Amino acid sequence: MAMDVIDYKIYGSEMQFVEIELDPDEAAIGEAGSMMYMEDGIDMDTIFGDGSAQQSGFFGKLLGAGKRVLTGESLFTTVYTNKGQGKKKVAFASPYPGKLLPMDLSKLGGSLICQKDAFLCAAKGVSLSIAFQKKLGAGFFGGEGFIMQKLEGDGMAFVHAGGTMMKRDLAPGEMLRVDTGCLVAMQPTVDYDIQFVGKIKTALFGGEGVFFATLRGPGTVIIQSLPFNRLASRIFAAAPQGGGGGMAAGLLGGGGGREEGGVLGGIFGGDDD
Amino acid sequence: MSTLERLQGQAFGPGFHKSGTRIEFEVSDSGLYLVAEEEFDGKPRWSDLVVRRGGFNDAQVMLEWKGRAGSYALAVADPASVAALKARLKQSAPDKAGLKGTGNLGQGSGTRRWSNLMIWLTVLPVVLPLLLLGLVVWEHERIASWAVSHVPVSQERKLGETVFAQARAKLKLVDGPPAALVRELGARLTQGSAYAYEFHVAEDSTVNAFAMPGGFVVVHTGLLALADSAEEVAGVLAHEIQHVEKRHSLKAIAKNAGLMVTISMVFGDLGGLVSLGQDLIGLKFSRQHESEADAEGLKTLVAAGISPLGMRDFFRKMGEKEKLNLGWLSSHPASEERYAAIDAALKALPPAALQVAPLAHDYQKVKQSLPAPAKPADPAGGSK
């Protein structure tokens, strides 16, 4: 199904919002809670699916919604339709310091793999689904966990990244080693894997962990300089009461204290807990 | 022009879009042919091509080669194109047809080893405690038996004495024909036992009987009132005697303690939920003990030459009395279930076991000498 063709403008430098201009009967979908303002004539409607034609029938929608919850989005998406006369605007704001990235899915081959919870808004018709990481090593230690988001469509989508973003087009065979957790989005043609840091001394004392994430072209990748959970844990660690909860009493559950960005936290933890 | 089918792919490299250009291509016996508007080195031969699985989750097929201007890659994701490509590869370039994943390219063996090690280190602390819990629940009988085998009979007797002394204070023990009957039947059923039994009758209108470690057995008058023959009472006694012989109390202590320790070790302190789980599993153990006592009790009746039909009939009566039994919430299986189990076991016995002489006691006379039912007391015994 073709996505609506929308015009947009991004405002701001470090804490941005995108203003989307809709023609009559065009619509945009946004993550729950992301809307900043909208003009008179825009109709707001919350739907169970993501508005794409790929989800049909009640169970199809239910399954899709359930999968989306796993990717960090909510069960519902809100559709903003221009029911008025003439062009109307609706704006969506980035939820943490960083950059908003306009991604034209048609130029990227129709699909994009993103970090969990990276999606902000898009033209109606985009399909949001799970990209499940099948490589155990990459899932455990790559920094993105086992669950990533997949955006499919042929129109504009907006994802948000923390810190400053870098877009790199990898040539065929070109490899980039990336700090775990810094990947925002990539084309599905990119090989995403892990690589051992190389020396044990470096692994233990280097501060980068035991593995790198490796990205191997061809394809476009987007990297962020400051993943939000890293910023948050720094702030939390500097808080007056001293960071971190107590030791977990049991091995699986018990009291608080989940490791930030650690192995288990990366898989089970959400982006914004 | 050849009639080779055109497949869909995404081309990367010098002259193509940085994020890939959608392109059609053909697969022939000599190599690839990319259908592009501009002339470029789009005809790599098989000897130049590397074909592998790649992309996210190795879901795409990548064909890579080095051309004059640089490195090129063709990514095939569309399922129809992938299938057609695989088929053509088998025909045209069989040595390339075995599509391998990227495992060997980006990752060295060092990475794979470290990765496997780390995965094990992560998964094991999660899996091992669960396995331990599973083991404790699965093999509870064997573990408890081993633990209990280290407790000598004399120690068990001392424990029973203490417990009985405490219980005795709350019980109103009666003597006379009912007690004599119970003692006689008990003696007949416990010949050759390691334990020195003591049989008592307590005045209590509830239908119950219980055994304590070391050989103390108490029968309520309410139970004697429900029975109609000495065989039925013998059935109940046989059951209680098995609780003592099989050391069920001790085992229950071992099992419940073991369970409690394991569950709190695995799950931490989750409060009510954990103790609920413990209780439910503990009750399951208890029900298994009860079933064991039923089955073994039946065997002792047969061995002592007493008709086991009495035991069965008694449970049928209990089943009729019982209105509601939530099996999984109670420490005993439902009486109906026990009746059915005993009935089935009886059918498996040789007929000679059932054709024994009836017991010589005049049960009706014994029944009449039971004290008149007082107001129902609490199950532990009479009121203080």
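Just so it is clear, the structure is predicted and the values come from calculations on it, not from any experiment.

Participant: Just checking my understanding: could you explain the sheet that holds strand β14 (residues 165-170) of chain A for this structure?
Facilitator: Either a parallel or an antiparallel arrangement is found when strands of a sheet pair, and the pairing is made through backbone hydrogen bonds. All names here are of chain A. Spatial ordering of the open sheet is given by β11-β12-β9-β16-β19-β14, a layout of 6 strands whose pairing is antiparallel. Of all strands in the sheet, those bounded by a partner on one side alone are β11 (127-132) and β14. Neighbouring strand axes in the sheet, compared pairwise and without regard to direction, differ in orientation by 25 degrees on average. Pairing of β11 with strand β12 (residues 147-152), which is carried by 6 bridges, proceeds in the antiparallel orientation. In the strand pairing of β12, Ser129 is matched with Lys150.

Participant: Looking at this structure, I do not really get the pairing of strand β9 (residues 209-212) of chain B. What am I missing?
Facilitator: The side chains of a regular strand alternate, residue by residue, between the two faces of the sheet. All names here are of chain B. Summarising the sheet, β9 and strand β10 (residues 216-220) pair through 4 bridges and their orientation is antiparallel. If you follow Met212 over to β10, its bridge partner there is Phe216. A loop of 3 residues connects β9 with β10, the two strands running antiparallel in sequence, and Gly214 in this loop sits at a positive phi of about 95 degrees.

Participant: Could you clarify how one ought to interpret the interface of chain A and chain B in this entry?
Facilitator: In many analyses, interface size is given as the accessible surface area lost on bringing the parts together. Taken together, the contact pairs 40 residues of chain A with 38 residues of chain B. Mapped onto the side of chain A that touches chain B, the elements with two or more residues apiece are α2 (136-141), β17 (191-196), β18 (211-216) and β19 (219-224) of chain A. Among the elements that make up the side of chain A that touches chain B, the one with the highest residue count is β17 of chain A (6 residues).

Participant: Mind showing me how you'd approach the confidence of the model for chain B here?
Facilitator: Keep in mind that low pLDDT regions are not for reading the predicted coordinates in detail. For chain B, mean pLDDT is 82; residues scoring 70 or higher make up 89% of the total. Predicted complex, confidence summary: ipTM 0.74, pTM 0.62.

Participant: Is there a simple way to think about the sheet that holds strand β1 (residues 7-12) of chain B in this case?
Facilitator: All names here are of chain B. Reading across the sheet, the 6 strands line up as β3-β2-β1-β6-β5-β4 and stay open at both edges, with antiparallel pairing between neighbours. The sheet terminates laterally at β3 (32-35) and β4 (50-54), the two strands that pair on one side only. Strand-to-strand twist of the sheet, defined as the mean angle between neighbouring strand axes without regard to direction, takes the value 35 degrees. Most of the contacts of helix α1 (residues 79-92) go to β1, to which it runs at about 90 degrees, and overall it touches β1, β2 (21-27), β4, β5 (60-66) and β6 (71-76).

Participant: Which parts of the structure should I look at to understand the pairing of strand β1 (residues 7-11) of chain A?
Facilitator: Residue and element names in this part refer to chain A. Both β1 and strand β2 (residues 17-22) contribute to a ladder of 5 bridges, which runs antiparallel. Bridge assignment links Lys9 to a residue of β2, and that residue is Glu19. Counted along the chain from β1 to the antiparallel partner β2, the turn is 5 residues long, and its residue Gly12 has a positive phi close to 90 degrees.

Participant: Got a minute to help me understand the packing of helix α11 (residues 309-321) of chain B against helix α12 (residues 335-347) of chain B in this structure?
Facilitator: Residue and element names in this part refer to chain B. At a minimum axis separation of 8 Å, α11 and α12 run at an interaxial angle of 160 degrees. Here α11 lies roughly antiparallel to α12, going by the angle between them. Both α11 and α12 take part in a crossing whose hand is left-handed. Judged by residue contacts, Met311, Arg312, Phe315, Arg316, Met318 and Gly319 of α11 engage Ser335, Glu336, Arg338, Tyr339, Ile342, Asp343 and Leu346 from α12. Of the residues contributing to the contact of α11 with α12, the split by class is 6 nonpolar, 2 polar and 5 charged.

Cut-off values and rules
- Residues numbered from 1 in each chain as written.
- Chains lettered and ligands numbered in written order.
- Predicted model: local features only at pLDDT ≥ 70, side-chain atom pairs only at ≥ 80, totals over all residues.
- Pairing = 2+ DSSP bridges.
- Helix = DSSP H or I, 4+ residues; strand = E, 2+ residues; numbered from the N terminus.
- Axes fitted to C-alpha atoms, helices over the stretch in contact; angles between N-to-C directions.
- Contact = placed C-beta atoms within 7 Å.
- pLDDT = per-residue confidence, 0-100.
- Parallel < 35°, antiparallel > 145°, perpendicular 65-115°, else oblique.
- Left-handed = near helix turned anticlockwise from the far one by under 90°.
- Nonpolar A, V, L, I, M, F, W, Y, C, P; charged D, E, K, R; others polar.

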